[in-house]
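Read off the chains here:
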Amino acid sequence: MIRKLFDIIANNAVPAVFIIISAFAIPLSGFSASYLVQELLTRIGRNSFLILSLLIPIMAGMGLNFGMVLGAMAGQIGLLFICDWGIVGIPGMVLACLIGTPIAIVLGIFCGHILNRAKGREMVTSYILGFFINGVYQMVVLYLMGWIIPITNPNLLLSRGYGVRNAVSLSGIRAVLDNLIPTIITNQEGAKQFLNINGAGSFFLVQLPFFDGAIRLPLATFIVIALFCVFIMWFRKTKLGQDMRAIGQSQSVADSAGIPVNRTRIIAIVISTVLACYGQIIYLQNMGTLNTYNSHDQAGMFSIAALLIGGASVSKATITNVFVGVVLFHLMFIVAPMAGKNLIGEAQIGEYFRVFVSYGIIAIALVLHAWKRNREREAARRSLRGNKGGNE
Amino acid sequence: MFVAFLKFLMRWFQRLVLLAALIALGVWLFYIGREHQIFLDNRTLGEFKALEQVNVSINDGEAVELMLRERGVKKVVGPAFELKAEVFNEDGEIIKTIMKRVKVDFSKDIMINLPTFTGGGDDFIVPAPR
């Protein structure tokens, strides 16, 4: 009984810590419910696709794919090209995905081959691989673009004539997916005001009588995310998905069963990298600005942190973990600075606290996972010895 | 052996068709999604003299008012647009309204010489200034 209770606490320790911290931080921040809901909806739309792209490698027993930054870089290269060519709107976004896809596939295959040579150490390998490809990316973007790779838009280039600027405006595709189906949730009074200002027919209006304020819902982005969730659920049931799950359980057993382990692992990484490419494009269309040399780094770290905060582990993650994680992680982002300011008079303290807790939680999650795995191994060993105990 | 070879060929054929479809999709997206800068030029070009005042609107958008020898710029998305020019006389009365569908195709920016456009000339599209 105590052991069961201990297991439940151990399994949900990370989200529980965040829920407790949020319960204290939300009232301290003084934000209204409608503001928090609006911010959370925006951030769910912005980040969920990226985090969902991490699920497939976990299913294949490859841990958290720190190599997702490779896909993010591919997406950014696609975005740089559409900015240069002046392709705007949804066609621009889709074209960026089209350009990014082959780059992401090649990087995914490369990453998969390397991870197959580093079985059991996939996370640290993919993390370092991210740094390596980041170097290649920087060389391409900083030296080759505008010199060997033609970039004609002078607004993109550094003053020396080659290399892309540190910050690139994505005004052509800013929020195009989020505003594709403009939807506003408000009460009756708010609905009247909106109709007076904008006229009927320019947006979907959802009236909630008990709701105070008005929030803008990125409905099209949510539909894309929902489709992706359906894809993951369907994919789990396919032959390839079952193979991945089998490999995730035991590589040696899967190999004995005739499953091409290495090939399946490469496919898992390729799918994850391609989806991370799309996720980064969705993320950046919401932000509206591309931080050429840093955006991808942040994408990897934030996504993994959010997934772990959602209660996922290195070996098991679900769609629920993704959404719980993105809500809890980003709730901290929203409320921590203001809570810090109201509590101590210094917003920066709250921000430091958030960074400390958020990234500390990654370390805790990884330590918990290692500890749990060791405990399971010990239990398995003990059961083989017939529960006799001792160290003979 | 032959069947295996046929299967191999078929697989590569399918891949090539998919690749061609994706490239075609890319080209189509490029075509329909490109943003163009349309420079509007109210200056004398050849036999067509600059207009006293001309109001120009693109795709029924907000009109740009151009006086004698003035230039303006508008942005449009897509390979073609509807250009409407209203020519005014010195008393401020509309003396002519011209509407035409203008094709930009794959080119990035173009300049439209309004006196040529309203005067019925064919070569109203001139290279955009750098």
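All of these numbers come straight from a predicted model, not from anything done at the bench.

Peer 1: Outline the overall build of chain A, listing residues and values.
Peer 2: Counting secondary structure elements, chain A contains 15 helices and five strands. Across its three principal axes, chain A shows a C-alpha extent of roughly 80 × 55 × 45 Å. The 392 residues of chain A split such that 43% are buried. Considering only contacts within chain A whose residues lie at least 6 apart along the sequence, 72% involve residues at least 24 apart.

Peer 1: Residues and numbers for the overall build of chain B, please.
Peer 2: Counting its secondary structure elements, chain B contains two helices and eight strands. Ordered by position from N to C terminus, the α and β elements of chain B give α-β-β-β-β-β-β-β-α-β. Since a compact globule built from 130 residues should have a radius of gyration of about 14 Å, the 23 Å found for chain B marks it as more spread out than a globular shape. Projected onto the principal axes, the alpha-carbon positions of chain B cover approximately 85 × 30 × 25 Å. Burial status across chain B gives 20% buried among its 130 residues. Here the analysis covers contacts within chain B between residues at least 6 apart in sequence; of these, 58% occur between residues at least 24 apart.

Peer 1: Got a sec to walk through the interface of chain A and chain B? Specific residues and values, please.
Peer 2: On the side of chain B, 11 residues touch chain A, which itself brings 11 residues to the contact. Among the elements that make up the side of chain A that touches chain B, the one with the highest residue count is helix H6 (residues 89-116) of chain A (six residues). Among the residues forming the side of chain A that touches chain B, the class breakdown is seven nonpolar, four polar and no charged.

Peer 1: Which residues make up the pairing of strand E2 (residues 182-186) of chain A, and what are the values?
Peer 2: All names here are of chain A. The pairing of E2 with strand E4 (residues 214-218) spans five bridges and is classified as antiparallel. Residue pairing in the sheet places Thr183 in a bridge with Leu217 of E4. Of the strand pairs in this sheet, E2 and strand E3 (residues 204-207) are connected by four bridges, and their pairing is parallel. Bridge pairing in E3 places Thr183 opposite Phe204.

Peer 1: A description of the domain arrangement of chain A should follow, citing residues and the corresponding values.
Peer 2: Residue and element names in this part refer to chain A. Annotation of chain A at the domain level lists domain 1 (1-30 + 319-392) and domain 2 (33-309). For domain 1 and domain 2, the distance between their C-alpha centroids amounts to 25 Å. Listed as interface residues are 20 residues of domain 1 and, on the opposing side, 17 residues of domain 2. Elements with a contribution of two residues or more to the side of domain 1 that touches domain 2: helix H2 (13-29), helix H14 (319-344) and helix H15 (347-384).

Peer 1: So what's going on with helix H7 (residues 122-144) of chain A? Residues and values would help.
Peer 2: Residues and elements named next belong to chain A. Under the 1.5 Å per step criterion, the end-to-end length of H7 is 31 Å for 23 residues, consistent within 8% with the ideal 33 Å. By the burial criterion, the buried members of H7 are Glu122, Met123, Thr125, Ser126, Leu129, Gly130, Tyr137 and Val141. Those residues of H7 hidden inside the fold are in contact with helix H5 (68-85), H6 and helix H13 (295-309). Within two residues after H7, Gly146 carries a phi angle of roughly 95 degrees, on the positive side.

Peer 1: Hey, could you go over the nonpolar core for me, with residue numbers and the actual values?
Peer 2: Residue and element names in this part refer to chain A. Judged by nonpolar contacts, the single largest core of 101 residues is most densely connected at Leu54, Leu79, Ile281 and Leu307. Here this core takes 15 residues from helix H12 (residues 261-287), the largest share from any one element. Each of domain 1 (1-30 + 319-392) and domain 2 (33-309) gives at least three residues to this core. Those residues in contact with Leu307 that lie beyond four places of it in its chain are Ile51, Leu54, Ala312, Ala317, Asn321, Val322 and Gly325.

Peer 1: Could you give me a rundown of the packing of H5 of chain A against H13 of chain A, with the residues and numbers involved?
Peer 2: Residues and elements named next belong to chain A. Relative orientation of the contacting elements H5 and H13 amounts to 140 degrees, with a least axis distance of 9 Å. Our classification of the angle between H5 and H13 gives oblique. The handedness of the crossing between H5 and H13 comes out as right-handed. Note on element contacts: H13 touches H5 through Ser295, His296, Asp297, Ala299, Gly300 and Ser303, opposite Met68, Val69, Ala72, Met73 and Gln76. Of the residues belonging to the contact of H5 with H13, the class tally is five nonpolar, five polar and one charged.

Peer 1: Would you mind going over the confidence of the model for chain B in detail, with residue names and values included?
Peer 2: Considering every residue of chain B, the mean pLDDT works out to 91; 100% of them sit at 70 or more. Scored as a complex, the prediction yields pTM 0.89 and ipTM 0.87.

Peer 1: Give me the sheet that holds strand E8 (residues 125-127) of chain B: which residues, what numbers.
Peer 2: Residue and element names in this part refer to chain B. The strand order across the open sheet formed by four strands is E4-E1-E7-E8, and the pairing between neighbours is mixed. Because the sheet does not close on itself, it has two edges, and the strands there are strand E4 (71-77) and E8. Strand-to-strand twist in this sheet, taken as the mean axis angle between neighbours without regard to direction, amounts to 35 degrees. Bridging between strand E7 (residues 109-113) and E8 involves three bridges; their strand directions are antiparallel. The partner of Ile112 across the bridge, within E8, is Ile125.

Peer 1: An account of the domain arrangement of chain B is requested, with residue identities and associated values reported.
Peer 2: Once the domains are mapped, chain B shows domain 1 (1-33) and domain 2 (35-127). Just the C-alpha atoms count here: the centres of domain 1 of chain B and domain 2 of chain B sit 43 Å apart.

Peer 1: Could you give an account of the pairing of strand E3 (residues 64-67) of chain B, naming the residues involved and the relevant values?
Peer 2: All names here are of chain B. Pairing analysis gives four bridges linking strand E2 (residues 53-58) to E3, with the strands arranged antiparallel. Bridge pairing in E3 places Val56 opposite Val64. From the end of E2 to the start of E3, which pair antiparallel, there are five residues, and Asn59 there has a positive phi angle of about 50 degrees.

Rules used throughout
- Residues numbered from 1 in each chain as written.
- Chains lettered and ligands numbered in written order.
- Predicted model: local features only at pLDDT ≥ 70, side-chain atom pairs only at ≥ 80, totals over all residues.
- Helix = DSSP H or I, 4+ residues; strand = E, 2+ residues; numbered from the N terminus.
- Buried ≥ 20, exposed ≤ 12 C-beta atoms within 10 Å, placed from the backbone.
- Contact = placed C-beta atoms within 7 Å.
- Rg over C-alpha atoms; globule rule 2.2 N^0.38 Å.
- Nonpolar A, V, L, I, M, F, W, Y, C, P; charged D, E, K, R; others polar.
- Pairing = 2+ DSSP bridges.
- Domains from an automatic or database assignment.
- Expected span 1.5 Å × (residues − 1).
- Core = buried A, V, L, I, M, F, W, Y, C linked by C-beta atoms within 7 Å.
- Axes fitted to C-alpha atoms, helices over the stretch in contact; angles between N-to-C directions.
- Parallel < 35°, antiparallel > 145°, perpendicular 65-115°, else oblique.
- Left-handed = near helix turned anticlockwise from the far one by under 90°.
- pLDDT = per-residue confidence, 0-100.

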